[in-house]
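Examination of the molecular architecture
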Amino acid sequence: MGDNVILVGFMGAGKSSVGRLLARHLGRCFVETDDMITAREGRSIPEIFAERGEAHFRALEDETVRLLALKSGDVIATGGGLYCREGRPAALKALGTVVWLAGEFDALYERARRAGERPMLAGRSRDEVEALYRAREPYYRQADLVVDTIGIGPDQVAQEVLRALRERLAPSPLARGRAEGAR
Ligand code: S3P
């Protein structure tokens, strides 16, 4: 398994801000799949959606996943839809530890609407966005670790991620006992 830390989750989960903080704490490089796409294309994500459509953007995500195989030791924040396709959970887990930044739909939706231009929200009703979220949840659930973002800010979420990563590397005797008991 690779040694990257890969953040997944719906729009508004805070993947970028948490990822940046996490990278700083760990002394690692921070990479965003959306930035990789923007840099290669020379256009913003909204421009790519507007000029070439979602299918083209998803094809660029495919290419990006292939390029991620060259990374090691990085903190990687993924776009909200990148993890949610057949084969993606397995492909990304092979590159490192996948962490789902989870939250309640309403809070994620409000945060996503407030910050940044998001083509996947444009022209979609709240119910349609919720349907998208529900369809993606089964993918997010396949992450190696889940960290709850409900009611806490990026700093605290980053601390929780660090704690979860440490626990995964060296489980406390209590957690180990629990895991062994469950077998
Ligand atoms: C998308 C989420 C966006 C970006 C693109 C598509 C999605 O990233 O990749 O607009 O399908 O959910 P964020 O999750 O960082 O907003």
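Worth saying up front: this structure is predicted, and the values here are computed from it rather than measured. (Residues numbered from 1 in each chain as written. Predicted model: local features only at pLDDT ≥ 70, side-chain atom pairs only at ≥ 80, totals over all residues. Heavy atoms only, no water.)

**Thoughts on helix H7 (residues 126-140)**
Compared with the 21 Å implied by 1.5 Å per residue over 15 residues, the 20 Å span of H7 between its first and last C-alpha is a close match. Every buried residue of H7 is accounted for by Val129, Leu132, Tyr133, Arg136, Glu137, Tyr139 and Tyr140. Packed against the buried residues of H7 are strand E1 (4-8), helix H4 (54-68), helix H5 (88-93), strand E4 (96-102) and helix H6 (105-114). (Helix = DSSP H or I, 4+ residues; strand = E, 2+ residues; numbered from the N terminus. Expected span 1.5 Å × (residues − 1). Buried < 20%, exposed > 50% of the residue type's maximum accessible area, 1.4 Å probe, protein only. Contact = heavy atoms within 4.5 Å.)

**Here we look at the packing of helix H1 (residues 15-26) against helix H8 (residues 154-169)**
Running from N to C, H1 and H8 point in directions that differ by 55°, and their axes come no closer than 9 Å. Viewed along their axes, H1 and H8 adopt a mutual orientation that is oblique. The chirality of how H1 crosses H8 is right-handed. Counting all contacts with H1, which are made through Ser17, Val18, Leu21, Leu22, His25 and Leu26, the residues of H8 involved are Pro154, Asp155, Val157, Ala158, Gln159, Val161 and Leu162. (Axes fitted to C-alpha atoms, helices over the stretch in contact; angles between N-to-C directions. Parallel < 35°, antiparallel > 145°, perpendicular 65-115°, else oblique. Left-handed = near helix turned anticlockwise from the far one by under 90°.)

**Here's the deal with the sheet that holds strand E3 (residues 75-77)**
By definition, the strands of a sheet pair up through backbone hydrogen bonds, in either a parallel or an antiparallel sense. Overall, parallel pairing links the five strands, which are arranged E2-E3-E1-E4-E5 in an open sheet. With partners counted over all chains shown, the strands left at the sheet margins are strand E2 (30-32) and strand E5 (145-148), one partner each. Ignoring strand direction, the axes of neighbouring strands in this sheet form an average angle of 25°. Relative to E5, H8 is tilted by about 155°, and along the sheet it contacts E1, E4 and E5. (Pairing = 2+ DSSP bridges.)

**Remarks on the pattern of salt bridges**
Counted under the stated rule, the structure contains 17 salt bridges. Linking Arg85 and Asp62 is a salt bridge whose minimum nitrogen-to-oxygen distance equals 4.0 Å. With Arg85 in the loop between E3 and H5 and Asp62 in helix H4, this pair connects stretches of sequence that are 23 residues apart. Judged by relative accessible area, Arg85 falls into the partly exposed class, the value being 31%. For Asp62, a relative accessible area of 30% gives the class partly exposed. (Salt bridge = Lys/Arg side-chain N within 4 Å of Asp/Glu carboxyl O.)

**With respect to the packing of aromatic side chains**
A complete count under the given rule lists six aromatic pairs for this structure. Judged by centre distance (5.1 Å) and plane angle (75°), the ring pair of Phe10 and Tyr133 falls under edge-to-face. Note that Phe10 is positioned in the loop between E1 and H1 and Tyr133 in helix H7, a separation of 123 residues in sequence. A residue is classified by how much of its surface remains accessible, and Phe10, at 2% relative accessible area, is buried. Classification of Tyr133 as buried rests on a relative accessible area of 2%. (Phe/Tyr/Trp six-rings, centres within 6.5 Å; stacked < 30°, edge-to-face > 60°.)

**Re the nonpolar core**
In this structure, Phe10, Tyr83, Leu92, Val99, Leu101 and Val161 are the most contacted members of the largest nonpolar core, which totals 53 residues. The element best represented in this core is H8, accounting for six residues. Residue contacts for Val161: discarding those within four places in its chain leaves Val18, Leu22, Val99, Leu101 and Val147. (Core = buried A, V, L, I, M, F, W, Y, C linked by side-chain atoms within 4.5 Å.)

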